[in-house]
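Chains, contacts and geometry: an overview
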Amino acid sequence: MAVLGKLKTQDLLQGWEIKGKLLCPLCSKINDSHDHLCFKCDFSKRIWEYFSNKADIRVGYGDWKDFISKFCDQVKGKSIGIFIKKLVLAGCVTHIWHERNMRLFRNNIRSLLSVICCIEKEIQLKLLGLKYESKVIKDNVWKCWGIDGSNNDVKGNEDNES
């Protein structure tokens, strides 16, 4: 749904004559929309920046359709790097949307660090389950993503905020 621009953001609900504030639940600055939620919101932008740097995703963040088009050009092939980029896209979209919904419908707010930690843990767990072509590739990937290969423990940021 996200790739197709079909997430039910509040700007789409305006056509249904929904009344009241339709501000982004993540930043409370401007109206909730697909492009805003994905890249223009300060909260989600910081998540994307963190993971884009970590996964070496080199795509500008103008609008969602442009991003998807450029991202698809970057992820052709079957290397571990491309697989990680796909994991990052899926993890960021899923967790940003989940956080938005938790704030909007349940008034449950997590910190930026907590959301980043959830995404990172999910990616780490998926990387733990892969079969690697060589030990060197495995060691490099695990080191980058904070996986301790000596006992298969996943290390990551801890966030004790409520």
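The notes below deal with the structure included here. For clarity, every value in this text was computed on a predicted model and none was experimentally measured.

Our next topic: the packing of aromatic side chains. Across all of its chains, the model carries six aromatic pairs by this definition. A ring pair is formed by Tyr132 and Trp142, whose centres lie 6.4 Å apart and whose planes are at 85 degrees; its orientation type is edge-to-face. A residue pair is termed long-range when its members are at least 10 positions apart, and Tyr132 in the loop between α6 (112-128) and α7 (135-144) and Trp142 in helix α7 qualify at ten residues. The burial state of Tyr132 is the same as that of Trp142; both residues are buried. The ring of Phe43 carries the charged tip of Arg103 above its face, separated from the ring centre by 4.6 Å. Above the ring of Trp142, the side-chain terminus of Lys138 is found at 4.6 Å from the ring centroid.

Looking at the element boundaries, Val88 is found in helix α5 (residues 80-106). Val88 gets classed as buried once you look at its relative accessible area, which sits at 0%. Put simply, Val88 and Glu120 are 32 residues apart on the chain and 8.6 Å apart in space, counted from C-alpha to C-alpha.

To continue, consider the packing of helix α3 (residues 42-55) against α5. At a closest axis distance of 10 Å, the pairing of α3 and α5 adopts a crossing angle of 165 degrees. If you check the angle between α3 and α5, you find them roughly antiparallel. Relative to α5, the crossing made by α3 is right-handed. Between α3 and α5, the residues in contact are Phe43, Ser44, Ile47, Trp48, Phe51 and Ala55 and Ile84, Lys85, Val88, Leu89, Cys92, Val93, Ile96, Glu99 and Arg103, respectively. Split by residue class, the contact of α3 with α5 holds eleven nonpolar, one polar and three charged.

Right, let's get into α5. The terminal C-alpha atoms of α5 lie 37 Å apart, and with 27 residues this matches the ideal 39 Å at 1.5 Å per residue to within 8%. With its phi angle positive at about 55 degrees, Asn107 sits one or two positions after the end of α5.

A side chain with one charge may pair with a side chain of the opposite charge, provided their charged atoms come close. Following the criterion strictly, the structure yields nine salt bridges and no others. With its nearest N and O atoms 3.2 Å apart, the salt bridge here joins Lys70 to Asp66. Within this pair, Lys70 and its partner Asp66 are both found in helix α4 (residues 64-74), separated by four residues, close to a single helical turn. By relative accessible area, Lys70 is classed as partly exposed at 40%. Residue classification places Asp66 among the partly exposed positions, given a relative accessible area of 32%.

Rules behind the numbers
- Residues numbered from 1 in each chain as written.
- Predicted model: local features only at pLDDT ≥ 70, side-chain atom pairs only at ≥ 80, totals over all residues.
- Heavy atoms only, no water.
- Phe/Tyr/Trp six-rings, centres within 6.5 Å; stacked < 30°, edge-to-face > 60°.
- Helix = DSSP H or I, 4+ residues; strand = E, 2+ residues; numbered from the N terminus.
- Buried < 20%, exposed > 50% of the residue type's maximum accessible area, 1.4 Å probe, protein only.
- Lys NZ or Arg CZ within 6 Å of the ring centre and 35° of its normal.
- Axes fitted to C-alpha atoms, helices over the stretch in contact; angles between N-to-C directions.
- Parallel < 35°, antiparallel > 145°, perpendicular 65-115°, else oblique.
- Left-handed = near helix turned anticlockwise from the far one by under 90°.
- Contact = heavy atoms within 4.5 Å.
- Nonpolar A, V, L, I, M, F, W, Y, C, P; charged D, E, K, R; others polar.
- Expected span 1.5 Å × (residues − 1).
- Salt bridge = Lys/Arg side-chain N within 4 Å of Asp/Glu carboxyl O.

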